[in-house]
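Results of the structural survey
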Amino acid sequence: MKYNFTTVSDLQTVEKDTTIDVIGILKDVGEVNQITSKTTSKPYDKRELTLVDNTGFSVRLTIWGNTATTFDAAPESVIAFKGVKVSDFGGRSLSLLSSGSMSMDPDIDEAHKLKGWYDAEGRQDNFQSHANMGAATTGGRKEEYKTIQAVRDEGLGMDDTKTDYFTLKATVIYVKQDSIAYPACQTEGCNKKVLENNPGEWRCEKCDKSWDRPEYRYILSVNVSDHTGQLWISCFDDTGRMILGMNANELIELKENDEKAYQDKVTQANCNTWVFRCRAKMDSFQETTRYVNSITPHKCRTNLLFRVRYQVSSASGLNFSVECAKLAEQIKQYSLQGEGNSMFVD
Ligand SMILES: [Zn+2]
């Protein structure tokens, strides 16, 4: 079998309806679903797979019919596909053609390389989907980062009827410490705040259950910076773990037992650069101002204030090959714009 592989990241540069070959690690296997063909009214079985590779991207690939129903590869297998069609659905997605084929753990160089990469580092990586890129830009163009200045200039999140999404490459400069984590329920997926009613008895109202200890979860307020400005962003537990390099239970334990080590850990979070996928939304809150005048002392005035909240939905470390490709692309664009412009000579 001869393959001519396109990497998952490069899919964004491939025209829709092109037929390609792809190889990746099986990250996720969906259930079999039945759909009815619009043209023939016949039912079809389909199954969606998620593939990742060492370019930092993930993509969904649909397989059909018998291939879908009999599919039994274990997650984390390497699979090579010959003859898949590229669609622009969800940014970029793939569909195995009936003339195409699929090979599990093939004995080829690319497969061994991927397996080695996955075992060494890929398993811990976060992957970017082409869908995020569709949301961040329009029409499946390459994902562009917003600068902090652009986030402000374009007024992202200022329209209170909608949520804006953007991707930001920025460096942590300060982690606010007064509310770094909250004690949460231990029930999987509950995440509710628990209260310590008695020593060693943490109660979740929602689950109607008490725990001997809480599961701490991060709620971080982080100041990040790029070359255009600074921004406060809010991060939940997953991003908090990445930024602080340990889970919130461990960090709170450190805080209680070794203040110096805790401070060091929080300081170490600074100066690291991440790619943050964010949503910007208008938030309202009440501010009460007390003021005194001669007629009615201690009067209060309550104002409803609005502020844009920047919430991180996911973050990933820098993927240097992706970053380099972006920079090379920018240089290319600038030099095209500057053709005949002496600024760009040399
Ligand atoms: Zn609970």
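In what follows, the structure referred to is the one given above.
A brief look at the structure comes next. (Residues numbered from 1 in each chain as written. Predicted model: local features only at pLDDT ≥ 70, side-chain atom pairs only at ≥ 80, totals over all residues. Heavy atoms only, no water.)

In an ideal tetrahedron of four donors about a metal, each angle is 109.5 degrees. In an ideal octahedron of six donors, the angles are 90 or 180 degrees. The coordination sphere of the zinc ion contains the protein donors Cys-185 (SG), Cys-190 (SG), Cys-204 (SG) and Cys-207 (SG), at a distance range of 2.3 Å. Each of the 4 donor atoms bound to the zinc ion contributes to angles spanning 107 to 113°, and the resulting shape is tetrahedral. As a motif over one chain, the donors of the zinc ion read C-x4-C-x13-C-x2-C. Residue Cys-190 is located in the loop between strand S8 (181-184) and strand S9 (195-198), and its partner Cys-204 is located in strand S10 (residues 201-204); the two are separated by 14 residues in the primary sequence. (Donors = N, O, S within 2.8 Å, 3.2 Å for Na, K, Ca; no water. Tetrahedral: all angles 85-135°; square planar, octahedral: opposite > 155°, others 65-115°. Helix = DSSP H or I, 4+ residues; strand = E, 2+ residues; numbered from the N terminus.)

Let us now look at the packing of aromatic side chains. Applying the stated criterion across every chain yields a total of 5 aromatic pairs. On the basis of an interplanar angle of 80° and a centroid distance of 6.1 Å, the ring pair of Phe-166 and Tyr-310 is categorised as edge-to-face. Taken together, the residues span a long stretch of sequence, with Phe-166 in strand S7 (residues 164-175) and Tyr-310 in strand S16 (residues 299-317) at a distance of 144 residues. Tyr-310 carries the same exposure label as Phe-166, and that label is buried. Within the aromatic cluster, the residues linked to one another by ring pairs are Trp-117, Tyr-118 and Phe-127. The lysine or arginine in question, Lys-176, covers the ring of Trp-232, its NZ or CZ lying 5.9 Å from the ring centre. (Phe/Tyr/Trp six-rings, centres within 6.5 Å; stacked < 30°, edge-to-face > 60°. Buried < 20%, exposed > 50% of the residue type's maximum accessible area, 1.4 Å probe, protein only. Lys NZ or Arg CZ within 6 Å of the ring centre and 35° of its normal.)

On to helix H2 (residues 109-120). Between the first and last C-alpha of H2 there are 17 Å, a value that for 12 residues agrees with the 16 Å anticipated at 1.5 Å per step. Those residues of H2 that sit buried are Ala-111, Leu-114, Trp-117 and Tyr-118. Looking down the long axis of H2, one finds its buried residues gathered within 130° of arc, a one-sided arrangement. Within H2, the exposed residues directed more than 90 degrees away from the buried face are Asp-109, Lys-113 and Ala-120. The inward-facing, buried residues of H2 abut strand S1 (19-36), strand S2 (43-52) and strand S4 (78-87). (Expected span 1.5 Å × (residues − 1). Arc of directions from axis to C-beta. Contact = heavy atoms within 4.5 Å.)

Orientation of helix H6 (residues 248-257) relative to helix H7 (residues 259-268), taken along the N-to-C sense of each, is 135°, at an axis distance of 6 Å. One way to sum up the angle between H6 and H7 is to call them oblique. Between H6, through Leu-251, Leu-254, Lys-255 and Asn-257, and H7, the contact on the second element is made entirely by Glu-259, Ala-261, Tyr-262 and Lys-265. Among the residues making up the contact of H6 with H7, the classes are represented as 4 nonpolar, 1 polar and 3 charged. (Axes fitted to C-alpha atoms, helices over the stretch in contact; angles between N-to-C directions. Parallel < 35°, antiparallel > 145°, perpendicular 65-115°, else oblique. Nonpolar A, V, L, I, M, F, W, Y, C, P; charged D, E, K, R; others polar.)

Two elements, strand S13 (residues 220-226) and strand S14 (residues 229-235), share 7 bridges in a ladder whose sense is antiparallel. Its bridge partner being in S14, Val-224 is matched across the sheet by Leu-231. Here S13 folds back onto S14, and the loop between the two strands holds 2 residues. (Pairing = 2+ DSSP bridges.)

Looking now at the pairing of S8. Residue alternation in S8 divides its side chains into two sets, Ala-181 and Pro-183 and Tyr-182 and Ala-184, and both sets are buried. When S8 meets strand S12 (residues 215-218), the two strands line up antiparallel, connected through 4 bridges. Within the sheet, the bridge partner assigned to Ala-184 lies in S12 and is Glu-215.

There is a patch of nonpolar side chains on the surface, built from Ile-173, Tyr-174 and Trp-232 and spanning about 300 Å² of accessible area. Topologically, Ile-173 is positioned in strand S7. Looking at Ile-173, the relative accessible area reads 32%, which means it is partly exposed. (Patch = residues over 30% accessible without salt bridge, like charges linked within 9 Å, V, L, I, M, F, W, Y side chains within 5 Å. Areas by Shrake-Rupley, 256 points an atom, 1.4 Å probe, with all protein chains shown as cover. Salt bridge = Lys/Arg side-chain N within 4 Å of Asp/Glu carboxyl O.)

The next point concerns the pattern of salt bridges. In this structure the tally under the stated criterion is 14 salt bridges. Glu-76 is paired through a salt bridge with Arg-123; the nearest N and O atoms lie 2.9 Å apart. Taken together, the residues span a long stretch of sequence, with Glu-76 in the loop between helix H1 (65-69) and S4 and Arg-123 in the loop between H2 and strand S6 (128-129) at a distance of 47 residues. According to the relative accessible area criterion, Glu-76 is partly exposed, its value standing at 26%. Looking at Arg-123, the relative accessible area reads 35%, which means it is partly exposed. Notably, a salt bridge pairs Asp-208 with Arg-203, separated by 2.2 Å at the nearest N-O pair. Given a relative accessible area of 55%, Asp-208 falls into the exposed group. Taken together, the salt bridges that share partners define one network made up of Lys-46, Glu-48 and Arg-60.

Purely geometric stuff here, so don't read any function into it on its own.
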